[in-house]
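Structural overview
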Amino acid sequence: MLRACLRGANATARVRPPHSSLPTAVIATGLLTVSGGVGGTILYAKWDHKFRAAVEKNVPYSDRLLGLALGPAPQDVGLPVKNQVKSPSAAEPLKERPVEEVAARLAQQDQEEQDILASSLEESLASSAKATLQAIGAQEAALQAITQHTHKLKEAMEAEEKSAQWKDLEAALADRTCSVNDAGTALLKANEALGALRSVIDDSKGLKIAAVHPLVLAAEENLHNMIVDLDKVVTKVQSAESEAKIVSQYSELVNEAKQQFQREVSSLTPEIQANWKGLTGKLSADDLNALIAHAHRRIDQLNRELAEQRVREQIHIDAALEQQKLEDQKALEKAVNTSLQHVKEDARLEQERKLAELREVMEAEMRTQLRRQAAAHTDHVQDVLKVQEQELRAEADQVLSSKMLEQETRYRQLNQEQLDNFTLDMNTAYARLKGMEEAIDSHVVAEEEARRAHQLWLSVEALNYTLKTADADVPTVPLKSAAEAVRDSCHDNDFAMALASALPEESLHRGVYSEASLRARFNSLRSLARRVALIDESHNSLYQYFLSYLQAALLFEDKQEAPPTQLSREDLDPFKLLSYASYCLEHGDLELAAKLVNQLRGEARRVVEDWLTEARLTLETRQVVSLLSAYANAVGLGTTQAP
Amino acid sequence: MTAGNMAEEHGRKWDRCLADTVLKTATGLGVGIVFSVLLFKRRTWPLAFGSGLGVGMGYTNCQHDFRSPYLIHGRVVKDQ
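Residues numbered from 1 in each chain as written. Chains lettered and ligands numbered in written order. Predicted model: local features only at pLDDT ≥ 70, side-chain atom pairs only at ≥ 80, totals over all residues. Heavy atoms only, no water.

**What to know about the overall build of chain A**
Tallying secondary structure elements over chain A gives 19 helices and 0 strands in all. By the burial criterion, 27% of the 643 residues in chain A qualify as buried. Here the analysis covers contacts within chain A between residues at least 6 apart in sequence; of these, 68% occur between residues at least 24 apart. Accessible surface for chain A amounts to roughly 44,000 Å². Of this, 59% is attributable to carbon and sulfur atoms. (Helix = DSSP H or I, 4+ residues; strand = E, 2+ residues; numbered from the N terminus. Buried < 20%, exposed > 50% of the residue type's maximum accessible area, 1.4 Å probe, protein only. Contact = heavy atoms within 4.5 Å. Areas by Shrake-Rupley, 256 points an atom, 1.4 Å probe, with all protein chains shown as cover.)

As structure tokens, then:
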């Protein structure tokens, strides 16, 4: 079942056309993933600033990319007040300022700013208040004037024409216009002042000094109240003005009617003067009839107009109502707008007040938290300071101890040097003393040595003499005693002792033969050696003996022949050797003779063996004795002091 | 060795040698005579033989005596 499924899957896989563009698919997927990753990172960085900061910190050149994509990273707005405060203080040389001074300075600066601001606010408030009051006063005056004027106008309308009233009216009108103008200018001024105040408030709001806020708030409220009052007064003035307009319109209409009537009357009765007073005195019956007829006609006309008017009343009323409605609506709108604005303003002020309260509360809370934090910070700082103090103390101790050590070592060094110098001096003095003592001792010793050397020399001479006591064929006396004497006289001299003990035993016990005896013996030995010259280990039969005898008989050699400095093969012939040896003996060179005789081989050698031994003995003894005498001479020379 | 011992020894050897030879020859001659007379009917050959024998013995003895310093006497050392 599974296999069938797999087969089916494979078939379907195979059925699908093979993707020749697999690499492109891979590339596309990769690009998509990368772009998705980058885009996601940018979006998240836009939303989370910490992430953005982390990315910028860790990934190089990402800050550029993110800046391009999102704009510069938002920085924390530090207290600009503090910056402002710090910049003047940083201009001075940097030194540690106590906290209180800084706080005092900051408070002072705040206070200054506050004062400045407050003063500016107050000034502007005062000026605006003055202006507003002025404006209000002017408006009220204008209102008064308008009402007065209106009243006067009404009176003038209702009452009969009186020139005084007209004059009053005109005066009132003039007054009204004047006061209206004044009011207008005052209003403008007030608006200006209010605008300035508003700008000042906005500036102070922009500075964000907390302490000034209630002042600002109060100023704002005052501003608002002033605006409200001003508006009220302005509306009053406007209403009064509208009333006055109505009244003036009415008065105008009345005037117009009057003038019309007068025109009609004048047209009817041109000769009558315009003066009403004159008219009443000079009116004739015709005129009166004409006037009455006119009046009747007028009355008819007016009745007709009235009827018309009554007919059109509704329409007019409707139209008027409409107009009134429109005007009312406009006025309502305006009033609504103004009241809305006022309400808005109120609400805003309320909000600001609430905000200020809240801020106060928050500030208080923040202050307590900050106080708490400050307390924690001081604790921490205290701890850190303690630790630092300890560290610094340890460091200082170390430095101190090292310096102390240095000083101590130097002191000790100096001490040591002094001691060394002193010791050196002492040593030199002692050495000199010792030297002197030694010199004296050595002098004594030298004397002793000289004596002993003399002794030695004497004993050696005695030994030498004993050597000469040999006669022919009789050895010398045994050298024992003389050797003993020599040994006695050189107890402490190893060299002499060694030499003295190097004397061969035979010479000590038996003595040595003299050279002459050896020489004599040699001569007799020589013939024997000649006779057995051919005999050696391999040739030693009697026949050889015979031959050897024959050779000796037949061979002739020199009795004595000077030996060469170097012996060659031919010189090792026994006959030659014997003649060399004889020569040497004759010339007293026992040593060389013995050496030459030593070269004999075979039977001849056996025959001369004991002669050789004797010769060696004699030579040895003589050598030792000569060494001893030389040594004694040397010692004697050495110890003898020239006078 | 004492003086002249070696030189004198040579002479002594010759003395011994000659004496010994003479003695042996004479003895050989005598024995030859005896034998010739007794056993070999007075022929001359036993005399020559005897004296020859004597001379030979004496010669060999003499030679041995003269060789004696040069003879090496060895001993068989058994392997351990």
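**Focus: the interface of chain B and chain A**
Across the boundary between the two partners, chain B contributes 18 residues, which contact 20 residues of chain A. Buried area between chain B and chain A, both sides added, is near 1,600 Å², and the carbon and sulfur share of it is 60%. For the interface between chain B and chain A, the tally reads 0 salt bridges. Linking chain B with chain A are 6 residue pairs in polar contact (both at pLDDT 80 or more), by the criterion used here. (Buried area = accessible area lost by both parts, 1.4 Å probe. Salt bridge = Lys/Arg side-chain N within 4 Å of Asp/Glu carboxyl O. Polar contact = N/O pair within 3.5 Å; in protein donor to acceptor, adjacent residues only side chain to side chain.)

**A word on the UniProt feature "transmembrane region" (unreviewed entry) in chain B**
Sites flagged by UniProt as "transmembrane region" (unreviewed entry) map to residues 22–40 of chain B. Helix makes up 89% of residues 22–40 of chain B and strand makes up 0%, while its end C-alpha atoms are separated by 24 Å. (UniProt positions renumbered as here; feature names shortened; annotations may be inferred.)

**A look at the UniProt feature "coiled-coil region" (unreviewed entry) in chain A**
In the numbering used here, UniProt assigns the "coiled-coil region" (unreviewed entry) feature to residues 285–312 of chain A. Helix makes up 100% of residues 285–312 of chain A and strand 0%, and the two end C-alpha atoms of the span are 38 Å apart.

**So, the state of the cysteines**
Note on terminology: disulfide describes a covalent bond linking the sulfur atoms of two cysteines. Residue and element names in this part refer to chain B. Taken as a whole and judged by the stated rule, the model has 1 disulfide over all chains. For Cys17, the disulfide goes to Cys62, at an S-S distance of 1.3 Å. Classification of the bridge connecting Cys17 and Cys62 rests on its S-S torsion, roughly -110 degrees, and on that basis the disulfide is left-handed. Note that Cys17 is positioned in helix 1 (residues 5–38) and Cys62 in helix 2 (residues 45–67), a separation of 45 residues in sequence. Each member of the pair Cys17 and Cys62 is classed as buried. (Disulfide = S-S within 2.5 Å.)

**A word on the nonpolar core**
Among the nonpolar cores identified, the biggest contains 32 residues, and Phe522(A), Leu590(A), Val597(A), Leu600(A), Val608(A) and Trp611(A) are the most heavily contacted of them. Looking at this core, the elements with two or more residues in it are helix 14 (515–531), helix 15 (542–554), helix 16 (574–586), helix 17 (590–598), helix 18 (603–607) and helix 19 (609–639) of chain A together with helix 2 of chain B. Leaving out residues up to four positions away in the same chain, Trp611(A) has contacts with Leu518(A), Arg521(A), Phe522(A), Leu525(A), Leu585(A), Leu590(A) and Val597(A). By size, the runner-up hydrophobic cluster in this structure holds 26 residues, among which are Leu125(A), Ala138(A), Ala219(A) and Ile227(A). (Core = buried A, V, L, I, M, F, W, Y, C linked by side-chain atoms within 4.5 Å.)

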